[in-house]
Amino acid sequence: MKKSNSLLSQLILVHFLIIACLLYAKSPGVTIKKSLGLQSFDVNYTISKVRTAETANGSFIVASSYEGILLGIGYDGTILWENTLSGFMNHDVWCEDITGDGVDEILAANADGAVYCLDNKGSLMWKFKQNDAPMYSVCVVRKNGVPYVVCGGYDNNIYYLNSNGTLKQTLTSSSYSVNSVFPGINAPDITHIANFIRKIKKNDGTELMVVLGANNSMQSPGYVYVFDVLGGLVTPAVKIGTGKPVGDMRICNINGIDEILLGTSTHVNDASVVKIDPFNLKEKQPKIDISSIRKEVGAPGYRVSQPEIIQNGSGFQYFILHGPNILLVPENMNIDETEILKCSYSFNDIWKDQVTGKIILASNQSGGSDIHIIDTTNPNWKSEFVKLKSPGKTQSLLDNTAVVNKEMSNFKKPDWERNPIPVYLLHENSTDISTSKYNSPVFIPQVFMPRVQDGATWQRDTMSNEVYRKKRDKRHKYILSEQEVLNMILPKMDKNGIAYWGGHGNDPYFYSKECSEKVVDAAAGRHTVLIYPELQDNTSNFDFVLKDLIYPLATYGKDKNLKLFIRSKNIFWQGSVYLPMWSRLLSGEFARVFVPSMEETSDKTMELSIAGRMGIWASGAVDSWGSRAVPDNASYDRLRQNSDQPLDNHFLRQLIYAAANGAQYFDNFTKPNLFAQLLAKGVLYVPKRSEIVSISPVHLSMINPDEHYLEDGSEVKWLTKFNQKYEDENHFVFSRMNGSWPGAPINEWDFSRYAAGAKERRLNFLPSYKNGMVLITPPQKGVFADKKAVRGALTYYLNPIYKNIMKEYYTDGKYYYSADGKQKFDAKLYYKTIENDIEEGANKLPLTVTGDVAWVVAQTSTTHLRLTIIDGGYINPSDKNATVIFHTVQPIKMTDLLDGKSFDISNSTNVKVDISCGMFRFIDIEMKSPL
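Residues numbered from 1 in each chain as written. Predicted model: local features only at pLDDT ≥ 70, side-chain atom pairs only at ≥ 80, totals over all residues. Heavy atoms only, no water.

## Details of the overall build of the chain
Condition: Helix numbering and strand numbering both begin at the N terminus, where a helix is a DSSP run of H or I of at least 4 residues and a strand a DSSP run of E of at least 2. Radius of gyration: C-alpha atoms only; globule rule: 2.2 Å multiplied by the number of residues to the exponent 0.38. Throughout, exposure labels follow a simple rule: accessible area from a 1.4 Å probe, protein chains only, divided by the maximum for the residue type, with under 20% read as buried, over 50% as exposed, and the rest as partly exposed. When checking whether two residues touch, look at their non-hydrogen atoms; a contact exists if any pair is within 4.5 Å. None of His or the chain ends enter the tally, which takes Lys and Arg as positive and Asp and Glu as negative. Taken as the charge centre is NZ of Lys, CZ of Arg, CG of Asp or CD of Glu, depending on the residue.
Scanning the chain for helices and strands turns up 17 helices and 52 strands. Taking 30 Å as the expected radius of gyration for a compact globule of 931 residues, we find that the chain reaches 29 Å, a close match to that expectation. By its C-alpha atoms, the chain is 90 × 80 × 60 Å across when sized along the principal axes. Within the span of the chain, comprising 931 residues, buried residues form 63% of the whole. Sequence separation of at least 24 residues holds for 65% of the intrachain contacts in the chain that already meet a minimum separation of 6. In the chain, the 99 positive side-chain charges and the 100 negative ones have mean positions that sit 3 Å from each other.

## Let's talk about the sheet that holds strand E50 (residues 891-896)
Going by this rule: Two strands make a pair as long as DSSP finds a minimum of two bridges between them. Every angle, taken between N-to-C directions, lies between 0 and 180 degrees, and every axis is a line fitted to C-alpha atoms, over only the stretch in contact when it is a helix.
Reading across from one edge, E47-E48-E52-E50 is the order of the four strands in this open sheet, with antiparallel pairing throughout. Looking at which strands have only one partner, the edges of the open sheet turn out to be strand E47 (853-861) and E50. Averaged over all neighbouring strand pairs, the angle between strand axes comes to 20 degrees, with direction disregarded. Sheet topology note: the strand E48 (residues 864-871)/strand E52 (residues 920-927) ladder contains seven bridges and is antiparallel. In the strand pairing of E52, Thr868 is matched with Phe922. Here helix H11 (residues 649-660) sits on the sheet and contacts E47, E48 and E52; the angle it forms with E48, its principal contact strand, is near 155 degrees.

## Let's talk about the pairing of strand E30 (residues 370-374)
Consecutive side chains along a regular strand alternate between the two faces of the sheet. The buried fraction of E30 amounts to five of the five residues, a majority that puts the element mostly inside the structure. As paired elements, strand E2 (residues 38-42) and E30 share five bridges and run antiparallel to each other. What sits directly across from Leu38, in E30, is Ile374. The pairing of strand E29 (residues 359-361) with E30 spans three bridges and is classified as antiparallel. For Ile359, the partnering residue across the bridge sits in E30 and is Ile374.

## Description of the pairing of strand E51 (residues 911-915)
Residues Val911, Val913 and Ile915 of E51 are buried on one face, while the alternating residues Lys912 and Asp914, pointing to the opposite face, are not. Across five bridges, strand E49 (residues 880-886) lies against E51 in antiparallel orientation. Bridge pairing links Thr883 to Lys912 in E51.

## Brief notes about helix H12 (residues 673-681)
Most of H12 sits inside the fold, with seven of its nine residues counted as buried. Among the residues making up H12, those that are buried are Leu674, Phe675, Ala676, Gln677, Leu678, Leu679 and Ala680. The inward-facing, buried residues of H12 abut helix H4 (393-409), strand E31 (424-425), strand E32 (442-443), H11, strand E40 (665-666) and E52. Positive phi appears at Gly682, one or two residues downstream of H12, with a value of about 80 degrees.

## Regarding the nonpolar core
The following threshold applies: For our purposes a nonpolar core is just a set of buried Ala, Val, Leu, Ile, Met, Phe, Trp, Tyr and Cys residues, chained together by side-chain atoms within 4.5 Å.
Residues Phe751, Leu867, Ile869 and Met894 are the most contacted members of the largest nonpolar core, which totals 164 residues. Of the residues forming this core, the biggest block, nine residues, is contributed by helix H8 (residues 540-557). Ignoring any residue separated from it by four or fewer positions in sequence, one finds Met894 in contact with Leu867, Val884, Phe886, Lys901, Ser902, Phe903, Ile905, Val911, Val913, Ile923, Asp924 and Ile925. Residues Ala63, Val138, Cys151 and Val211 belong to the second largest nonpolar core, which totals 47 residues.

## Let's talk about the packing of aromatic side chains
Cut-off, in case you're wondering: Stacked, edge-to-face and tilted labels apply to pairs of Phe, Tyr and Trp rings (six-membered ring for Trp) whose centres lie within 6.5 Å, assigned for plane angles under 30 degrees, over 60, and everything in between, in that order. Only lysine NZ and arginine CZ atoms are considered, and such an atom sits over a ring when it is within 6 Å of the ring centre and within 35 degrees of the ring normal.
Inspection of every chain in the model, using the stated rule, returns 38 aromatic pairs. On the numbers, 5.0 Å between centres and 80 degrees between planes, the contact of Tyr176 with Tyr225 is edge-to-face. Taken together, the positions of Tyr176 in the loop between strand E14 (167-172) and strand E15 (193-201) and Tyr225 in strand E17 (residues 223-228) put the pair 49 residues apart, joining distant regions of the chain. For Tyr176, a relative accessible area of 10% translates into the label buried. The exposure class assigned to Tyr225 is buried, which follows from its relative accessible area of 0%. Residues Phe666 and Phe675 carry aromatic rings whose centres are separated by 5.1 Å and whose planes lie at 70 degrees to one another, so their mutual orientation is edge-to-face. Assessed through its relative accessible area of 0%, Phe666 is described here as buried. Judged by its relative accessible area of 1%, Phe675 is buried. Ring pairing ties together the aromatic residues Tyr468, Phe542, Phe572, Trp573 and Trp582, which thus form one cluster. Sitting over the face of the ring of Tyr302, Arg638 holds its NZ or CZ atom 4.9 Å from the ring centroid. In this structure, Arg762 is placed above the aromatic ring of Tyr636, and the distance from its NZ or CZ to the ring centre is 5.4 Å.

## Quick word on the side chain of Lys413
Put simply, the rule reads: Any Lys or Arg side-chain nitrogen located within 4 Å of an Asp or Glu carboxyl oxygen qualifies as a salt bridge.
Its place among the elements puts Lys413 in the loop between H4 and E31. In this structure Lys413 is buried but unpaired, with Glu417 as the nearest side chain of opposite charge at 5.8 Å. In contact with Lys413, other than residues within four places in its own chain, are Arg418, Asn419, Pro420 and Tyr438.

## What to know about the packing of H4 against H12
Selection rule: Relative orientations are named as follows: roughly parallel for angles under 35 degrees, roughly antiparallel for angles over 145 degrees, roughly perpendicular for angles from 65 to 115 degrees, and oblique for any other angle. Helix crossings are classified by the rotation of the near helix relative to the far one: an anticlockwise turn of less than a right angle makes the crossing left-handed, while a clockwise turn makes it right-handed. Amino acids are sorted into nonpolar (Ala, Val, Leu, Ile, Met, Phe, Trp, Tyr, Cys and Pro), charged (Asp, Glu, Lys and Arg) and polar (every other residue, Gly among them).
Orientation of H4 relative to H12, taken along the N-to-C sense of each, is 20 degrees, at an axis distance of 11 Å. In this view, H4 runs roughly parallel relative to H12, as classed from their interaxial angle. Here H4 runs over H12; the crossing is left-handed. Contact residues: Thr401, Val404, Asn405, Met408 and Ser409 in H4; Leu674, Gln677, Leu678 and Lys681 in H12. Looking at the contact of H4 with H12 residue by residue, the class counts come to four nonpolar, four polar and one charged.

## Thoughts on the sheet that holds strand E38 (residues 594-598)
As summarised here, the arrangement of the four strands in space is E35-E36-E37-E38, forming an open sheet in which the pairing is parallel. The open sheet has two edge strands, strand E35 (497-501) and E38, and neither has a second partner. With direction set aside, neighbouring strand axes in the sheet form an average angle of 20 degrees. Bridge analysis of strand E36 (residues 527-533) against strand E37 (residues 562-568) gives six bridges, and the strand direction is parallel.

## Details of unusual backbone geometry
Put simply, Ser440 and Pro441 share a cis peptide bond, and its omega is 0 degrees. Within the secondary structure, Pro441 is located in the loop between E31 and E32. If you check the backbone angles, Asn561 has positive phi at about 65 degrees while not being a glycine. Positioned with a positive phi, Tyr769 is a non-glycine residue whose angle comes to about 40 degrees.

## Observations concerning the state of the cysteines
Where two cysteines share a covalent bond between their sulfur atoms, that bond is called a disulfide. Under the convention used in this document: Cysteine sulfurs are considered disulfide-paired once they come within 2.5 Å of each other.
Counting across every chain of the model gives zero disulfides. No disulfide involves Cys917; its sulfur sits 19 Å from that of Cys343, the nearest cysteine. Residue Cys917 is classed as buried on the basis of its relative accessible area of 3%.

Right, dumping it as structure tokens:
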């Protein structure tokens with residue numbers, strides 16, 4: 001009997017152990033896949049950075065999420081602890097023992113301007129902050145065995161901190177910098193930010209501090225400075241031989257000597273890794289030229305080259321993470337002898353555990369929630385890496401997309417909805433939409449022209465403006481005659497027309513006006529779309545371009561289906577376009593010609609650009625507006641260009657949001673097939689201006705923009721423009737837009753926060769606008785209104801519900817103004833007035849939506865609304881929950897048009913809507929009575 005009971009007990013115990021193991025296997029952070037060469041974990045967060053920390057019992061992984069959450073993670077995938085810190089991103093993380101107890105502390109350089117110090121349990125020990133400039137780099141260096149935390153950020157200083165977080169010493173970059181600015185640039189000269197701070201050891205163990213100084217995020221690699229700890233420069237500054245900005249700096253011990261490895265943050269065409277011997281700085285910098293094997297490493301894109309050193313038999317080899325590739329480069333750095341391992345994903349970061357020698361990869365850049373551990377001592381690791389799968393959110397994206405594709409095949413457009421209006425994709429057909437019942441989307445082929453017209457064939461040398469007479473785009477060869485241009489463009493024209501670059505901000509004159517007019521004539525009423533990327537010149541010189549080229553072309557083509565697709569940057573559509581020289585565009589004279597679009601790479605103001613483009617469209621100044629999807633859209637910090645997302649889910653949601661807000665022209669480098677299919681099936685409803693009913697009754701009208709506002713919003717590449725005194729004394733309506741603020745918190749009084757719901761200067765492609773889209777428009781009334789404008793009143797174009805409820809405020813980007821122009825108001829003091837009106841105005845809308853989602857509502861019939869809701873996590877998607885609040889309408893039915901789900905509307909002030917990771921819902925709402 002006792003034996004039986006013992007056996008029964010053992011069976012019960014085994015049973016419970018099995019259940020426990022099964023439950024554990026489904027919990028966050030546990031191993032999804034395990035092999036001798038590779039382990040993969042799902043940790044539920046998109047991990048941006050990985051490090052390792054040491055304890056008495058070994059090491060563990062320290063990870064920083066996209067949201068700035070720090071996590072301790074065991075090598076078995078267990079989440080040991082979490083700390084949200086400030087709620088803003090961490091630009092750098094460093095782990096080292098600074099208390100002398102043999103256990104590492106964790107240091108985080110945060111975008112809120114602080115350095116946070118945590119113990120190995122994740123508890124905050126101290127915080128250091130001097131000002132609001134984001135902290136960018138942190139490290140630990142020692143002088144005579146005494147540890148100092150060294151940190152630096154966008155205030156152009158470096159701080160030595162004692163181990164308790166108190167300030168020991170300040171090092172200003174202007175006291176030693178040799179970083180210079182280009183002629184004509186309004187940015188501080190001979191100063192820099194600390195792109196990286198790291199330590200290096202001499203042969204006797206003495207530690208030195210290495211600083212990589214940078215002042216531009218795209219056009220200059222910067223310099224390396226080596227310091228005696230708490231002392232001065234050990235050697236003169238060394239210019240980095242990459243030619244492009246550096247996105248990764250590591251100190252690696254190579255054959256017993258600490259050396260500096262630097263990897264670029266740039267396009268694959270310029271990618272490289274260089275090595276610097278800090279003790280022999282005059283030595284030529286050996287270079288691993290990744291650009292020379294660009295065909296082998298995959299599609300063109302922007303990537304950070306991250307180098308490490310691993311053992312290779314009795315020697316070593318360079319281990320370089322570059323996009324989805326691991327490059328194994330021999331000691332001689334011969335790129336031709338490189339072994340290339342390619343998997344399906346690119347990753348946000350890489351770290352080598354100095355205790356175990358294992359390589360840790362952060363989450364994949366498509367919004368994954370994965371961490372991968374590679375054991376390079378195991379022969380299986382290479383094959384395992386090539387076959388690597390991404391568990392967690394990435395798999396959810398794939399599964400959820402498959403569900404949408406299946407549901408879409410059964411979709412039938414509701415009878416009460418009109419047929420879709422045309423949406424124009426400026427590229428050749430990339431997907432099968434042969435089953436489309438509607439004339440949408442319309443594909444307009446775009447011809448790529450690396451060679452453009454030789455100015456001599458149209459006497460460009462006689463141009464009266466010297467600046468634009470001499471301008472040339474270095475990426476193009478100016479060698480074609482007019483006839484040769486036509487011979488290359490016209491054969492590419494099809495039944496829908498043709499699209500091509502008419503010029504660029506570097507040079508708007510790729511072709512003479514007469515040459516472009518001949519293309520328009522040949523199109524004979526078909527679309528001719530001239531694309532003008534990066535037009536960003538606020539000087540009087542551009543007034544010449546407008547009068548000499550742009551306006552004459554618009555005049556010639558306004559009745560011939562010419563579209564001038566102005567693909568500008570930064571704050572153009574809520575800033576530069578309001579300069580007097582652009583008044584003819586704003587007047588509505590060329591409403592059928594101009595198409596406002598954006599090139600938002602490097603920008604951190606996406607929530608403003610969509611309000612600006614929509615505001616100009618809604619005003620009647622233009623009849624259409626556009627958008628764009630390109631890989632480097634995901635780059636908010638050019639020094640860390642993790643813009644190699646193999647999944648196009650974030651682009652898909654960005655395009656859906658634009659189209660749901662009425663955009664009709666799309667110039668896409670990345671072409672999500674599902675976007676075209678949603679249009680072709682009529683699943684994605686593209687509204688007319690008069691159908692949108694999610695626009696706030698409050699709108700902000702731009703007057704002649706403040707000069708500093710324009711400068712601040714345009715200088716996104718220069719990194720050294722932080723000025724705390726100016727920041728404290730000047731409170732802008734739109735602020736913190738220059739290159740000094742990546743990931744930084746937005747001011748309380750900033751329009752982006754109180755109107756758009758943004759909290760930081762990052763990738764706000766999918767803003768919440770919880771009280772409705774607050775348009776940025778041309779002035780409608782008062783002394784600022786253009787009385788001669790032919791476009792008419794804003795309310796003429798909007799839905800009838802707005803006829804008597806619109807309220808207008810005026811700004812130049814810095815101040816608010818009264819309608820008569822006699823009073824101006826400080827943004828910090830006045831914003832509450834507007835915020836309150838926006839909140840009250842929401843009650844006049846049919847409904848509003850709260851949650852981390854983007855949303856749009858359009859009226860599709862007298863008794864039906866179409867609600868589009870989109871997961872708002874651009875590159876950190878996740879399951880979302882939104883709340884729909886009804887105001888002026890009473891719903892009687894609320895149904896998802898794809899999956900058929902019927903929502904509970906018994907409490908119309910609190911209708912819950914779930915959105916799957918990376919997805920969207922298209923919801924029909926039937927109203928009790930007509931709107």
